[in-house]
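Report on the structure
Single-letter residue listing:
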Amino acid sequence: MPIKPAHNPYIAILLRELKRITARPIYLIAALLLPLFAIFFMATIFNTGNMEDLPIGIVDMDNTSTSRSVIRTVTSTPTVTVTQHYANQQEAHHAVQRKEIYAYVVIPDKFEQKVNNNQSTTLDYYYHYALLSVGGEIEGALETVLNTVAASPYAATAMAHAIPTEEITNFVLPTSLQIHGIYNPDLNYAVYLSQPLFFIIFQILVMLVTLYSVGGEVKFGTAEEWLATADGSMTIALAGKLTPYSIIFVLLTIFSNYVFFGLIEIPYSGNFWQINLISILFILATQGFTLIVFMVFPAMSYSISIISMLGSLGATLSGVTFPLGAMYKFFEYASYLLPVHYFTEIVQTVLYNGYSLIFEWKSIAILFVYIMIPLIMIPRFKKSVYSHKYDNLE
Amino acid sequence: MITSNDTKGRWWSKMSTIIINEFLTIASSGSTLLVLVGGVFIYAVLYNLMYQPNLVHDAPIGIIDESNTSLTREYARMINSTSELRVANYYSDISQAHKAMDKNEIMGFVLLPSDFETRINEDINSVALLYANTDNFLYFDAMQKATSEVMMAINEQKRPEMITFIPEKDQEILVNMQPINVVGHAMYNPTMGYGTYLLPAVLIIILFQTMLMAIAMSIGGKIFDRSLGDFQQYGLGFNNISRVVLSNALVYCVLYAIFSIFMLGFIPDLFGLPHIGNGKNVLFMMTPFLLSTAFFAMTLTIFYTDKEEPLLIITFFSIGLIFLSGISYPLELMPWYWKGAHYIFPAAPAALAFVKLDCMGASLPDVRAEIITMWVQAIVYFFLACIVYRINIKKCNHLRFIEGKAKADMSLEDENKTLEVL
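Residues numbered from 1 in each chain as written. Chains lettered and ligands numbered in written order. Predicted model: local features only at pLDDT ≥ 70, side-chain atom pairs only at ≥ 80, totals over all residues. Heavy atoms only, no water.

1. Observations concerning the overall build of chain A
Check the secondary structure of chain A and you find 15 helices and 5 strands. Since a compact globule built from 394 residues should have a radius of gyration of about 21 Å, the 30 Å found for chain A marks it as more spread out than a globular shape. Principal axes of the C-alpha set define a box for chain A whose edges measure 105 × 45 × 40 Å. A total of 394 residues make up chain A; the buried ones form 59% of that total. Residue pairs at least 24 apart in sequence account for 75% of intrachain contacts in chain A once pairs closer than 6 positions are excluded. Separation of charge centres in chain A, based on 19 positive and 26 negative side chains, amounts to 18 Å. (Helix = DSSP H or I, 4+ residues; strand = E, 2+ residues; numbered from the N terminus. Rg over C-alpha atoms; globule rule 2.2 N^0.38 Å. Buried < 20%, exposed > 50% of the residue type's maximum accessible area, 1.4 Å probe, protein only. Contact = heavy atoms within 4.5 Å. Lys, Arg positive; Asp, Glu negative; His and termini not counted. Charge placed at Lys NZ, Arg CZ, Asp CG, Glu CD.)

This is the structure in C-alpha cells:
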C-alpha cells in the first residue's frame, strides 16, 4: 500500500498545462470562443438556406396585357422578386453593375403583336454570372418560367382549334426529364455547406492551437522544464499537454453536430453517434497532422505560417465547393495529404448515402495513421528540442 | 527624454527613421517574409492553379438503359458528347448504380425506362429520370444542365414525328407556328467558370489577410520583446503617436501597392480572370482599402502579446470573409447582423468593389457606397490605431519596468546570497 502518493508525471503535465491555459486568454479564445463563433456563423449565415426573393428587374418595351402577363408569371417564381422596372436595357444593365438587381428580363417592342400574328420573337434574360452561385440559381428559375411562357401560344392554338391538350403537350415535349437530387433535393445552401465548412474552419483552429501550445514550449524556452515535469518522457509530455485541448475539441465537435443536425435540422441518414465518432477521429488526426508538421520543422514562427496556409488550403482541397475531380491531377493527389480530405469523404458517404462506415474503412484507417506517425517521430523531436537549434529562429 | 516640442522641428526625419526601421524589421524576420512572399506570391499562384480548370468537364455519369432501343442508345451517346459529362458505365439496375455512386465512381445516373421509345411511338409523354448526388453543387449543376440540353435536343429531333398524332387539319397550323425563343445571357463571366467567379474576391482577401498577418507579426514581435516601448521617445501626444502610426502604415501601404500591381494587374491576365476594369478606378478604390486595412491591423494589435498568437485569430476569418463580401452568397439573404459585419472588415466592401470594377466594368459612381465605407473605416481605424499604439507603448514600458525591477531584485538577492556565503 503506498504511503506517499506516487508522483504521476501525466497528472503533473496535465495540471501544468491547465495553468498555462488559464494564464493567457489566447488559448481559450482560439480553442473555445472562436469555434463557438464559427458554429454560430455557419448555422446562421445562410438564413433559411434557400435562395428566395432575389431582386431582378424588367425591361418592358411592349407594355401590353400580354407583356404584363409575362411579368406576372415571372413574379410567381419564388426564387426571384421583381423589384424594378427599367425603360431600357442600358438602365437595367447599369443596375446590375451596381448590384441592385441580379438579373433582368427584356420583353421586346411589339411582343404582343408578334405573338398574335404568329411571328417569331425572343424573350432575352440577362443574369449576373460574376456572382456564379446566385446567377446560376436565377438562370435555372428564369429558364423554367420563361419556357412556360414560350409554350403558351401552343396552348392557345390548341384551345382555339380544339386539339386535345395532351396531344399538343406531347408534340411540344415528346420526352421530359425528371430530376431527383439525392439527399438535398431543394439544393439548400445550409444543408450543403454549414457542416463541412464549420469543420474546415475548426480544423484550422485545431491545427493552430495544437501548434501554438507545443511550439510555445520551444519558443518561450520552457521545453526542458516541460520535459522534466514529464520525467523526461516526450510521449507523456505531449499526451498530457494535448489532453485538455482534445477534450475541449471533442466536446465542441459533439456540440456542433448537435447544432447542425439537431437544432437547424440538417437532414442526415445514418447514426448521430457514428457521425460524432468520425468527427472526433478527424479532430484527433488533425492534431496528429499538426505534430508531424511541427516535428519536421520545430521553429514555431515558421511552422505556424505554414500550418495556417495548409489549414486554409483545406477549404479548397476538401473538394466541397470546386470538385477535386475537376482540378489538375496534381492538386487532387495533394489533397490526399490533408486529413480533411478523408473526413469529407467519410462524412459524405454517411450523410448522403446513409451507408455504413465499412465502405470507408480505408479513409478511417488513414486518419488513424495521422495519429500514429507522431509517435514514431518522438525520439527525433526530443533530440531537436534538446539541441536548442530552433529556439530563436524568427 | 525628448519632449514633443523638440520633435516638432524634425518631423520628417523622425518619420523616415521609423519607416526605415520598420522596413528593417520586416527584412530581418524570416517568418514575416515567409508570410509576405508565401502568402502573396505562392498563395495567389497556387489558388489560381487549383481553380484553373475552371469548369466541370466530363463528370462521370452512369446509364441504366432498360429498353436498349436505338433512341435510348442515342440518348446515352448524346449525354456522353456533352462537354460537362461522360458516360462512365452502364448498369443493369438502380441498386447497382447506387452502389457505384456511393463509391464515387459516378456522380449520378440517368434511367431510361423500358417503355421509353414505345411511349413516344404511342404518343404518350416519355420520361427519363436523372438521379443526381447533391454533395457537390457544381457536379449537380453540370448534370442538370447537360441532361436538360440532351432532352431538348431529343425533343427537337422527335417533334416532326409527333405531328402525325395531331389531326391532319391542324397539322399545318402547328408546323407553321413561330416559337417564342428564350435566350439567357450570362453577364461578366464569359467562361462561365467557377474559378473566374471566385478568384477575384480571393485575391483581395489574400492581400487583406497577409497584411493583417505581417503587421501583427511585426508589432506582436515588438510587444513580445517590449521594444515597442521605444516609440515613447517620440512622445505620447496625439501628434506624436499619429506620426508613428502613419509612418508604420505607410510602409505596408507601399509594399502592398506593389503587391497589388502583381495580384490585381498581373495575375488576372496570367490566369484569364475577367479583367475589364479601368486601372485608375481600381487604384482609386485600393487607396482607402490599403489604408483602412493597415489601420485595422494596427487596431487589432491591442489583443496581441507575441508574434505567433495573432495568426491563430487572423487565419480563422479567411473563409468567413468570402461570405461577408457577398460574392458567394447574396447579402440580401443574410441575417442583419452579418450584413453589419460587412461594414467592419475592410476586405468585405473591397472584394465587392473590386469585382464590380474589374470583372463587371463598373464605373466609380457604381462603387460609391463601398468606397465611402472604406474611407470611413480608414478614418475610424486610424484613430483607434493611435489609441491602441499609445496603450501598447505604455504597456510595454510598464512591463519593461516591472521585469527590469524583478531582474534587479533577483540579482540583488543573488548578491545577498553570495554575501551570506562569504
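2. Structural notes on the overall build of chain B
A tally of regular secondary structure across chain B gives 16 helices and 5 strands. In terms of C-alpha radius of gyration, chain B reaches 32 Å, well past the compact-globule figure of 22 Å for 422 residues. Along the first, second and third principal axes, the C-alpha set of chain B runs to 120 × 60 × 40 Å. With 422 residues in all, chain B has 57% of them scored as buried.

3. Quick notes on the domain arrangement of chain B
Here the domain parsing of chain B yields domain 1 (4-51 + 193-411) and domain 2 (59-175). Centre-to-centre, using C-alpha coordinates, domain 1 of chain B lies 53 Å away from domain 2 of chain B. (Domains from an automatic or database assignment.)

4. Structural notes on the environment of valine 127 of chain B
Within the secondary structure layout, valine 127 of chain B lies in strand 4 (residues 126-133). Sequence-wise, valine 127 of chain B and alanine 341 of chain B are 214 residues apart; in three dimensions their C-alpha atoms are separated by 48 Å. Beyond its immediate chain neighbours, meaning those up to four positions away, valine 127 of chain B contacts Ser176 and Gln178 of chain A together with Pro113 and Phe116 of chain B.

5. Quick word on helix 9 (residues 195-224) of chain B
Over its 30 residues, helix 9 of chain B extends 40 Å from the first C-alpha to the last, a length consistent with the 44 Å expected when each residue adds 1.5 Å. With 29 of 30 residues buried, helix 9 of chain B lies mostly within the body of the structure. (Expected span 1.5 Å × (residues − 1).)

6. Considering the environment of leucine 28 of chain A
All names here are of chain A. Inspection of the secondary structure assignment puts leucine 28 in helix 2 (residues 25-44). Separated by 220 residues in the primary sequence, leucine 28 and isoleucine 248 have C-alpha atoms spaced 9.6 Å apart. Those residues in contact with leucine 28 that lie beyond four places of it in its chain are Ile21, Leu33 and Ile248.

7. Quick notes on the side chain of serine 29 of chain B
Residue and element names in this part refer to chain B. You can see serine 29 is positioned in the loop between helix 2 (11-28) and helix 3 (30-50). Here serine 29 falls in the buried class, since its relative accessible area comes to 5%. Looking at serine 29, its side chain comes within polar contact range of the side chain of lysine 307, at 2.9 Å. (Polar contact = N/O pair within 3.5 Å; in protein donor to acceptor, adjacent residues only side chain to side chain.)

8. Focus on the domain arrangement of chain A
Note on interface size: it is often stated as the accessible area lost on association of the parts. For chain A, the domain assignment lists domain 1 (9-46 + 188-387) and domain 2 (54-172). Put simply, the middle of domain 1 of chain A and the middle of domain 2 of chain A, counted by C-alpha atoms, are 50 Å apart.

9. Let's talk about the interface of chain A and chain B
The partner chain B presents 117 residues to the 120 residues of chain A that form the contact. Here chain A packs against chain B, burying approximately 11,000 Å² in sum over the two surfaces, 66% of which is carbon and sulfur. Looking at the side of chain A facing chain B, the largest losses of area belong to Gln97, Phe171 and Phe322 of chain A, adding up to 7% of the total buried there. Our count for the chain A to chain B interface comes out at 5 salt bridges. Ionic pairing is found between aspartate 306 of chain B and arginine 24 of chain A, a salt bridge with its closest N-O pair at 3.6 Å. (Buried area = accessible area lost by both parts, 1.4 Å probe. Salt bridge = Lys/Arg side-chain N within 4 Å of Asp/Glu carboxyl O.)

10. Topic: the confidence of the model for chain B
Within chain B, residue pLDDT values average 88, and 95% of them lie at 70 or more. The low-confidence segment residues 1-7 of chain B (pLDDT under 50) makes 8 contacts with residues lying over four places distant or belonging to another chain. (pLDDT = per-residue confidence, 0-100.)

11. Quick look at the packing of helix 10 (residues 234-263) of chain A against helix 11 (residues 272-296) of chain A
All names here are of chain A. Interhelical geometry of helix 10 versus helix 11 gives an angle of 140° and a closest axis separation of 9 Å. In this structure, the crossing between helix 10 and helix 11 has a hand that is right-handed. Residues Leu238, Leu242, Tyr245, Ser246, Phe249, Val250, Thr253, Ile254, Asn257, Tyr258 and Phe261 of helix 10 lie in contact with helix 11, whose contacting residues are Phe272, Trp273, Ile275, Asn276, Ser279, Ile280, Ile283, Leu284, Gln287, Leu291 and Met295. By residue class, the composition of the contact of helix 10 with helix 11 is 16 nonpolar, 6 polar and no charged. (Axes fitted to C-alpha atoms, helices over the stretch in contact; angles between N-to-C directions. Left-handed = near helix turned anticlockwise from the far one by under 90°. Nonpolar A, V, L, I, M, F, W, Y, C, P; charged D, E, K, R; others polar.)

12. Topic: the pattern of salt bridges
In a structure, side chains of opposite charge can pair up when their charged atoms sit close to one another. Evaluated as defined, the whole model comprises 21 salt bridges over all chains. Each of Arg16, Glu17, Arg20, Glu217, Glu225 and Lys241 of chain A takes part in salt bridges that share partners, so that together they form one network.

13. Regarding unusual backbone geometry
Residue and element names in this part refer to chain A. Phi at lysine 110 is positive, roughly 60°, even though this residue is not glycine. Relative to the assigned elements, lysine 110 resides in the loop between strand 3 (103-107) and helix 5 (111-116). Judged by relative accessible area, which is 43%, lysine 110 ranks as partly exposed.

14. A closer look at the packing of helix 2 of chain A against helix 8 (residues 189-219) of chain A
Residues and elements named next belong to chain A. Between helix 2 and helix 8, the shortest axis-to-axis distance is 9 Å and the interhelical angle comes to 175°. The angle between helix 2 and helix 8 places the two elements in the roughly antiparallel class. Note on element contacts: helix 8 touches helix 2 through Ser194, Leu197, Phe198, Ile201, Phe202, Leu205, Val209, Tyr212 and Ser213, opposite Ile26, Tyr27, Ala30, Ala31, Leu34, Pro35, Ala38, Ile39 and Met42. Grouping the constituent residues of the contact of helix 2 with helix 8 by class yields 16 nonpolar, 2 polar and no charged. (Parallel < 35°, antiparallel > 145°, perpendicular 65-115°, else oblique.)

15. Some words on the nonpolar core
Grouped together as the largest cluster of nonpolar side chains are 291 residues, with contacts concentrated most on Met42, Ile138, Leu142 and Leu146 of chain A together with Tyr75, Met285 and Phe323 of chain B. Ignoring any residue separated from it by four or fewer positions in sequence, one finds phenylalanine 323 of chain B in contact with Phe41, Met42, Ile45, Phe46, Leu193 and Leu197 of chain A together with Ser328, Tyr329 and Met334 of chain B. (Core = buried A, V, L, I, M, F, W, Y, C linked by side-chain atoms within 4.5 Å.)

16. Notes on the side chain of aspartate 306 of chain B
Within the secondary structure layout, aspartate 306 of chain B lies in the loop between helix 11 (279-300) and helix 12 (309-316). On the accessibility criterion, aspartate 306 of chain B (0% relative accessible area) is buried. A polar contact of 2.8 Å, which involves the side chain of aspartate 306 of chain B, links it to the backbone nitrogen of glutamate 309 of chain B. Residues in contact with aspartate 306 of chain B, not counting those within four places in the same chain, are Arg24, Tyr212 and Phe220 of chain A together with Gly220, Gly221 and Phe224 of chain B.

17. Thoughts on helix 10 of chain A
Compared with an ideal rise of 1.5 Å per residue, which puts 30 residues at 44 Å, helix 10 of chain A spans 42 Å between its outermost C-alpha atoms and is within 8% of the ideal. At threonine 243 of chain A, helix 10 of chain A shows its maximal kink, close to 35°; a proline, proline 244 of chain A, follows between one and four residues later. (Bend = angle between axes of the 7 residues up to and from the residue.)

18. Thoughts on the pairing of strand 4 (residues 121-128) of chain A
Burial analysis of strand 4 of chain A places 7 of its 8 residues in the buried class, the great majority of the element. Where strand 3 of chain A and strand 4 of chain A come together, 4 bridges link them in antiparallel fashion. Across the sheet, tyrosine 104 of chain A pairs through a bridge with tyrosine 126 of chain A, a residue of strand 4 of chain A. Pairing analysis gives 8 bridges linking strand 4 of chain A to strand 5 (residues 180-187) of chain B, with the strands arranged parallel. By the bridge assignment, aspartate 124 of chain A is partnered in strand 5 of chain B with valine 183 of chain B. (Pairing = 2+ DSSP bridges.)

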